[in-house]
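# Topology and contacts: notes
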Amino acid sequence: MLELREVSTRYGPITVLRSVSLAVGAGQLACLLGPNGAGKTTLIRTILGIVRPVSGSIWLDGARIDRLRPHQIVARGVAVVPEGRRLFPKMTVEENLRMGAFIEWAPADFAARRDHVFSLFPRLAERRRQSAATMSGGEQAMLAMGRALMSRPRLLLLDEPSLGLAPVLVEQLFAMVQAINQSGTTVFLVEQNARKTLEIAHHGFLLQKGEVVGAGSAESLRRSELVRHAYLRT
Amino acid sequence: MPPLELLLQQTLNGVMLGVMYALIAVGFTLFFGVLDVIHFSHGDIFMLGAFVGLSTLLGLAVVGLRTPLLALPPAFAVAVLVTGLVGVGAERVCVKPLARSSPLMTLLATLSLGLVLRESVLIFYPRGADPKPFPQLLPAGGFEVGGVAVRYENLTILAIGFAAMIGVDLVIRRTRMGAAIRAVAQDPEAAQMMGVNLDRTVDATFFLGSGLAAVAGMLSGFYYGEIHFIMGITGGVIGFSAAAIGGLGNVYGAIVGGLLFGVLQTTAAALIPRGSEFRDVVAFAVVMLFLIFKPSGILGEKSVERV
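Residues numbered from 1 in each chain as written. Chains lettered and ligands numbered in written order. Predicted model: local features only at pLDDT ≥ 70, side-chain atom pairs only at ≥ 80, totals over all residues. Heavy atoms only, no water.

## What about the sheet that holds strand β1 (residues 2-11) of chain A?
All names here are of chain A.
- The antiparallel open sheet is built from 4 strands, whose spatial order is β2-β1-β4-β5. The open sheet has two edge strands, β2 (14-24) and β5 (63-64), and neither has a second partner.
- Here 7 bridges tie β1 to β2, and the two strands are oriented antiparallel to one another. Residue pairing in the sheet places Thr9 in a bridge with Leu17 of β2.
- Helix-sheet contacts for helix α1 (residues 40-47) involve β1, β2 and β4 (55-60), and the interaxial angle to β1 is about 110°. (Pairing = 2+ DSSP bridges. Helix = DSSP H or I, 4+ residues; strand = E, 2+ residues; numbered from the N terminus. Contact = heavy atoms within 4.5 Å. Axes fitted to C-alpha atoms, helices over the stretch in contact; angles between N-to-C directions.)

Here's what the structure looks like:
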């Protein structure tokens, strides 16, 4: 479904991604593991067209998307839970959800989609008229997830969704990501929490200093020396 | 103390001036909200709106459309459309290409554009250096309540001004494009991640803000009975000040700031001996106090220091 072929991205003189190649098949839950500064967020921004790769190509369902602009890529069924959530702080919970469905704006089934999100995160229903800025970290994480689901994406990108969450919430979040994937959405999960991530992912990639240094099934990654040493600390 | 009627009268006059200031200020605040820039040619866009409106009215009169009901709607429509498009052009030439460079560059580019607009009207409009009489199409006459004279013409100006503000409020709060504008103002990258077309949103913002300035330009023509190619300098400074005291980036702040500035001007004229000569001094002194003690403005969160 999503394929990157030798993608390199630069910020000015600094090369952040070096010839990154990876593929995520339809229906899969793939992950990208890597330490801070490896280029994980840049990879997400590159897929979304916020930054353009200097070389290489990105393909979505067999069509090349690396020359498209962000709104065109999103319109092809991609949604994201960005790093740091990036909610609209002055908008209410409900308005943030509306922004999640921006591509279609007022779909006929808007109420149904919103109520589906409220059923997943009952707290959001209680706070629907509250502005996003006044919510707790956990609630903001829920809202970011709910907002991404509002467009009924075929491909969901998640950039460190567990960051800053209490362990019990992290547990819930990973269970939810797994459930979303099992309901048919392809998921590409970028994480530092390797242990939890490898429990739910089908396969994954390791990113270090902008390069893919490992790839394989979740099982093989769990057993790999590199991952055990760098991420699992066992 | 001046009599109460005088104060009431001046407050009413102030609100009317304030409506025009507010319409200019909303543009400043929208542009700042979406692109974090001060668009210094916005005052001259306001002036241009008045001249486009005047030209349209004169053109309509030539083909026999002289009655207010026949002439005003098309004149406002043309002024808003043409001025809005010029505003979009200004953004594409002077603002957006410089968005990533120093704010000083945007300042220079937009100041220069303002000069170009002003000189163009001076040179290309027939006898451009002279004040141009504005057709008096608003209803004449009036009535008196408790010693306060209310003219129908002024009520019409108030009505048109408030209608324009309510219209913009509805666009921003209720439409998809309005949601895009608010989203970009809060977080441009997150807005793009939701599928917002950034360039089109910025264009729409400049169209909207410049169109409002055109409405203000025409109202100013009706109010003063004439327009002049340098009217954009004062109009721009006052509009920017109103946006700043209201809180740059906040549309309601710009409206409050505009009304406040107008009322300050007119009540200063009433309360202070020889006040009408000092009305701008008093009003701008208050602006400076705001910049010193409350730089984020009445309703603002973003600080003016960011400019």
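We are not done yet, so read on.
## Looking at the pairing of strand β3 (residues 29-33) of chain A
Residues and elements named next belong to chain A.
- Among the 5 residues of β3, 5 are classified as buried, and the element is accordingly described as predominantly covered.
- Where burial is concerned, the two faces of β3 agree: the one with Leu29, Cys31 and Leu33 and the one with Ala30 and Leu32 are both buried.
- Pairing of β3 with strand β8 (residues 186-191), which is carried by 5 bridges, proceeds in the parallel orientation. Paired with Ala30 across the two strands is Phe188, which belongs to β8.
- Two strands pair when backbone bridges link them, and β3 and strand β9 (residues 203-208) are joined in this way by 4 bridges, in the parallel orientation. Considered in β9, the bridge of Ala30 is made with His203. (Buried < 20%, exposed > 50% of the residue type's maximum accessible area, 1.4 Å probe, protein only.)

## Structural notes on the pattern of salt bridges
- Counted under the stated rule, the structure contains 30 salt bridges over all chains.
- For the salt bridge of Asp199 of chain B with Lys96 of chain B, the shortest nitrogen-to-oxygen distance reads 3.2 Å. Placement of the pair is Asp199 of chain B in helix α8 (residues 198-224) and Lys96 of chain B in the loop between α3 (68-95) and α4 (103-124), with a sequence separation of 103 residues.
- On the basis of relative accessible area, Lys96 of chain B is assigned to the partly exposed category, the value being 24%.
- Each of Glu94, Arg114, Asp115, Arg128 and Arg129 of chain A takes part in salt bridges that share partners, so that together they form one network. (Salt bridge = Lys/Arg side-chain N within 4 Å of Asp/Glu carboxyl O.)

## Digging into the domain arrangement of chain A
Residue and element names in this part refer to chain A.
- Here chain A is partitioned into domain 1 (1-77 + 154-234) and domain 2 (85-152).
- Here the C-alpha centroids of domain 1 and domain 2 sit 23 Å apart.
- Of the residues lining the interface, 15 residues belong to domain 1; the matching set on domain 2 comes to 11 residues.
- At the junction of domain 1 with domain 2, the criterion picks out 0 salt bridges.
- Here domain 1 and domain 2 share 2 residue pairs in polar contact (both at pLDDT 80 or more) between them.
- Of the residues forming the side of domain 1 that touches domain 2, the biggest block, 5 residues, is contributed by helix α7 (residues 167-182).
- For the side of domain 1 that touches domain 2, the class distribution of residues is 12 nonpolar, 1 polar and 2 charged. (Domains from an automatic or database assignment. Polar contact = N/O pair within 3.5 Å; in protein donor to acceptor, adjacent residues only side chain to side chain. Nonpolar A, V, L, I, M, F, W, Y, C, P; charged D, E, K, R; others polar.)

## Topic: the interface of chain A and chain B
- Between chain A and chain B, the contact holds 21 residues from the first and 19 residues from the second.
- When residues of chain A are sorted by the area they lose upon contact with chain B, Arg86, Phe88 and Phe102 of chain A head the list and together hold 27% of the total.
- The tally of links from chain A across to chain B stands at 4 salt bridges.
- Measuring nitrogen to oxygen at the nearest pair gives 2.7 Å for the salt bridge that ties Asp187 of chain B to Arg86 of chain A.
- Applying the counting criterion to the chain A and chain B interface returns 9 residue pairs in polar contact (both at pLDDT 80 or more).
- Of all elements in the fold, only α2 (70-75) and α3 (93-100) of chain A reach the threshold of two or more residues within the side of chain A that touches chain B.
- The residue makeup of the side of chain A that touches chain B, split by class, is 13 nonpolar, 2 polar and 6 charged. (Buried area = accessible area lost by both parts, 1.4 Å probe.)

## Thoughts on the layout of surface pockets
- Taken as a whole, the largest pocket holds about 1000 Å³ of empty space.
- Of all the secondary structure elements, the ones that give two or more residues to the lining of the largest pocket are α1 (4-35), α4, α6 (176-186), α7 (188-193) and α8 of chain B.
- In terms of residue class, the lining of the largest pocket is made up of 21 nonpolar, 5 polar and 10 charged.
- Here the second largest pocket defines a volume of roughly 810 Å³.
- Listing elements by their share of the lining of the second largest pocket, those giving two or more residues are α3 of chain A together with α1, α5 (152-174), α6 and α10 (251-271) of chain B. (1 Å grid on protein atoms, 1.4 Å probe; cavity = no way out; pocket = protein on both sides within 12 Å on 5 of 7 lines; lining within 4 Å. Points joined across faces, edges and corners; volume = space filled by probe spheres on them.)

## Let's talk about the nonpolar core
- Residues Met99 and Phe188 of chain A together with Phe222 of chain B are the most contacted members of the largest nonpolar core, which totals 122 residues.
- Ranked by the residues each element gives to this core, the list is headed by α1 of chain B, at 16 residues.
- A domain-level breakdown of this core finds at least three residues from each of domain 1 (1-77 + 154-234) and domain 2 (85-152) of chain A.
- Filtering out sequence-adjacent residues up to four positions away, Phe188 of chain A remains in contact with Leu22, Val24, Ala30, Cys31, Leu32, Leu43, Ile44, Ile47, Leu156, Leu157, Leu158 and Phe205 of chain A.
- Leu97, Leu165, Phe174 and Val227 of chain A belong to the second-largest nonpolar core, a separate cluster that totals 43 residues. (Core = buried A, V, L, I, M, F, W, Y, C linked by side-chain atoms within 4.5 Å.)

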